[in-house]
Amino acid sequence: GGAGHVEDYDFSFEGPFGTFDQNQLQRGLKVYTEVCAACHGLKFVPIRTLGDAGGPDLPADQVREYAKLYEVYDEELEDFREAKPVDHFPESALENAPDLSLMAKARAGFHGPYGLGINQLMKGMGGPEYIASLMTGYVDPPACAPDDFDGYYNRAFTAGGIPAECKDENGYSKIEGSWIGMAPPLDDGYVEFDDGHENDLENLSKDVSAFLMWTAEPKMMARKQAGLTGVLFLTVLAVLLYLANKRLWAPIK
Ligand code: HEM
């Protein structure tokens, strides 16, 4: 495939001090549940983690209610039963729809390494930007494409089919993006929020992408906290070692 168009959306969790926005994670969960879950799964995510403080932080009773939306296969019963918080989300319902648990870390929006990697430190690798750009990336197909080419043209998706008419003499793509087997899943107003939060296509796309960043890296907030504590500790230690060194050598120098 050729290049894809990835929009550099801003997310609250970017940068060394970034944190998840819990309201956004809850909105993203709603988008996932009402739209994406019809085809995709989150098989690596335990439902109980929806109650984690570093995640959507749902109260325990809401987590229990939420679990009831799904059915899981119980080995002991040898039958399906209502899911409980200890169960994982189901696998993808549609065979060719990939599991989304780790998708935000399996895709990159920005490519590198360039320079010192400062961009990656400040903005991440662009996984959530890629997913949001995929949601907003269904635009009119380029003029080179025949009308009956199979699938939906998406300017962010690069792994799909490209008609021969849109390739150069060496077989390389002349266009951005490619054709994808997923119909546009979102549009303005597809999901509504109880608090009336904005729900145009771009907002819904960013919310579900933030939620999928959390599923892919549920301990991000704890990790950044530990990193910051470590840097502070080492800074204090460096000062103390410097002063100790000065004092030890003072009589000799
Ligand atoms: C692929 C996200 C809803 C069917 C994908 C991919 C992502 C994604 C990130 C992978 C793209 C890649 O490989 O780079 C979402 C989100 C949804 C959603 C966030 C909800 C807002 C749906 C729905 C369906 C569906 C409702 C079925 C009706 C598929 C299929 C693919 C796919 C078949 C594979 C496409 C291909 O490889 O050509 N989706 N999806 N998705 N999705 Fe969805």
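Residues numbered from 1 in each chain as written. Predicted model: local features only at pLDDT ≥ 70, side-chain atom pairs only at ≥ 80, totals over all residues. Heavy atoms only, no water.

**Q** Looking at this structure, I do not really get the coordination of the iron atom of the ligand. What am I missing?
**A** Where a metal carries four tetrahedral donors, each ideal angle is 109.5 degrees; where it carries six octahedral donors, the ideal angles are 90 or 180 degrees. At the metal site, the iron atom of the ligand is ligated by H40 (NE2) and M182 (SD), and these contacts range over 2.0 to 2.1 Å. Classification of the site at the iron atom of the ligand as octahedral follows from its six donor atoms and the range of 86 to 178° in their angles at the metal. Placement of the pair is H40 in the loop between α1 (22-34) and α2 (60-67) and M182 in the loop between β4 (178-180) and α6 (201-216), with a sequence separation of 142 residues. Judged by its relative accessible area of 12%, H40 falls in the buried class. (Donors = N, O, S within 2.8 Å, 3.2 Å for Na, K, Ca; no water. Tetrahedral: all angles 85-135°; square planar, octahedral: opposite > 155°, others 65-115°. Helix = DSSP H or I, 4+ residues; strand = E, 2+ residues; numbered from the N terminus. Buried < 20%, exposed > 50% of the residue type's maximum accessible area, 1.4 Å probe, protein only.)

**Q** Just to check I follow, could you spell out α6 for this structure?
**A** Spacing of three or four residues puts side chains on the same side of an α-helix, whose turn is 3.6 residues. Over its 16 residues, α6 runs 22 Å from end to end, which matches the ideal 22 Å to within 8%, given 1.5 Å per residue. Of all 16 residues in α6, 15 are buried, a share of seventy percent or more. (Expected span 1.5 Å × (residues − 1).)

**Q** Which parts of the structure should I look at to understand the pairing of strand β1 (residues 71-74)?
**A** Strand residues, when the strand is regular, have side chains that alternate between the two faces of the sheet. What you see with β1 is a clean split: V72 and D74 sit on the buried side and E71 and Y73 on the side with no burial. Note that β1 and strand β2 (residues 79-82) share four bridges and pair antiparallel. Directly across from D74, in β2, lies its bridge partner D79. The antiparallel hairpin formed by β1 and β2 contains four residues in its connecting segment, where E78 sits at a positive phi of about 55°. (Pairing = 2+ DSSP bridges.)

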